[in-house]
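Structural overview for review
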Amino acid sequence: MGKIRVVVVDDHEMVRKGIISYLETEPAIEIVGEADGGKKAVSLVKDTKPDVVLMDLLMENGSGIDATREILSFYPECKIIIITSFYDDEQVFPAIEAGAFSYMLKTASASEVIKAIEKASRGETVIEPKVANRMMKRLRPQERKPHDELTERELDVLKCIGEGMTNQQISEELFIGVKTVKTHVSNILGKLGLSDRTQAAVYANRNGLIKTK
């Protein structure tokens, strides 16, 4: 098997050169190019056709996300490893959606980066644990609660009940008639499977629905 052809993209020269100098000590890896921004990276990949690209995200000369998307549009077999300081949702998910193969933080050791490159060449993805946790939370279906079935006005009334308000006080607070309040209370109890206002007040408190002023 031939060497793994790698392109390194980072707009900080010291970081880029540091990565390259370490990777060059690895016999299985061949550095075929470097770029200081996304736009240059796209052009470089067209010319060199690397197996793996180490891609920074936030760069002055074209973002890593845009570059990732464009590279994969004409060279889908390329494995792009994001290596960045950021793991917030605004960076992670757009990068993954753009087609990034792996996602690592710059706190990773040089040996971890090499392993990620080797794994990418074999079709194995590496995702930084902090990033993986965010992805799992986003993909995991959110459990619906009984009060999600309430209308917006019913939810307002429930919050008032939780504060111990009487029907008259709720009427004045929400600018609706007492009769309408009674109807909402009845609907709330039915939808939540509760028997009285006391249980509704407890429910509102336990579920953090108390109205803040």
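As the structure is a computational prediction, the values presented were derived from the model and not from experiment.

On to the pattern of salt bridges. In the structure shown here, the tally under the stated rule is 9 salt bridges. Lys40 is the partner of Asp36 in a salt bridge, and the nearest nitrogen-oxygen pair spans 3.4 Å. Residues Asp156 and Arg153 are paired through a salt bridge, measuring 3.5 Å at the closest nitrogen-oxygen approach. Remark: Arg153 and Asp156 occur in helix H7 (residues 152-162); sequence separation between them is 3 residues, near one turn of the helix.

Right, let's get into the environment of Pro146. One can find Pro146 in the loop between helix H6 (129-139) and H7. According to the relative accessible area criterion, Pro146 is partly exposed, its value standing at 40%. With sequence-adjacent residues up to four places away left out, Pro146 is seen in contact with Leu192 and Tyr203.

Moving on, we come to unusual backbone geometry. A positive phi angle, near 50°, is found at Lys49, a position not held by glycine. As for its position among the elements, Lys49 is in the loop between helix H2 (38-48) and strand S3 (52-55). The backbone phi angle of Phe175 is positive, close to 60°, even though this residue is not glycine. Within the secondary structure layout, Phe175 lies in the loop between helix H8 (167-174) and helix H9 (178-192). Here Phe175 falls in the exposed class, since its relative accessible area comes to 76%.

Counting residues in each nonpolar core, the largest one holds 29 residues, and the members touching the most others are Val9, Val53, Met55, Ile80, Ile82 and Tyr103. Residues within four places of Val53 in sequence aside, it is in contact with Val7, Val9, Val45, Cys78, Lys79, Ile80 and Ile81.

In an α-helix, one turn spans 3.6 residues, which is why side chains three or four residues apart end up on the same side. Taken as a whole, helix H3 (residues 64-74) has its buried residues at Gly64, Ile65, Ala67, Thr68, Ile71 and Leu72. Burial along H3 is one-sided: seen end-on, the buried residues are contained in an arc of 160°.

This model, assessed by the stated rule, comprises 0 aromatic pairs. One Lys or Arg, Lys79, reaches over the ring of Phe101 and ends 5.5 Å from the middle of that ring.

At their nearest, the axes of H7 and H9 sit 9 Å apart, and the two run at 90° to each other. Judged on the interaxial angle alone, H9 and H7 are roughly perpendicular. Touching Arg153, Glu154, Val157, Leu158 and Ile161 of H7 are His184, Val185, Asn187, Ile188, Lys191 and Leu192, all from H9.

For Arg16, the position within the fold is in helix H1 (residues 13-23). Look at Arg16 and you get buried, because its relative accessible area is 10%. Beyond its immediate chain neighbours, meaning those up to four positions away, Arg16 contacts Val8, Asp10, Asp11, Glu34, Ala35 and Asp36.

Parameters and conventions
Residues numbered from 1 in each chain as written. Predicted model: local features only at pLDDT ≥ 70, side-chain atom pairs only at ≥ 80, totals over all residues. Heavy atoms only, no water. Salt bridge = Lys/Arg side-chain N within 4 Å of Asp/Glu carboxyl O. Helix = DSSP H or I, 4+ residues; strand = E, 2+ residues; numbered from the N terminus. Buried < 20%, exposed > 50% of the residue type's maximum accessible area, 1.4 Å probe, protein only. Contact = heavy atoms within 4.5 Å. Core = buried A, V, L, I, M, F, W, Y, C linked by side-chain atoms within 4.5 Å. Arc of directions from axis to C-beta. Phe/Tyr/Trp six-rings, centres within 6.5 Å; stacked < 30°, edge-to-face > 60°. Lys NZ or Arg CZ within 6 Å of the ring centre and 35° of its normal. Axes fitted to C-alpha atoms, helices over the stretch in contact; angles between N-to-C directions. Parallel < 35°, antiparallel > 145°, perpendicular 65-115°, else oblique.

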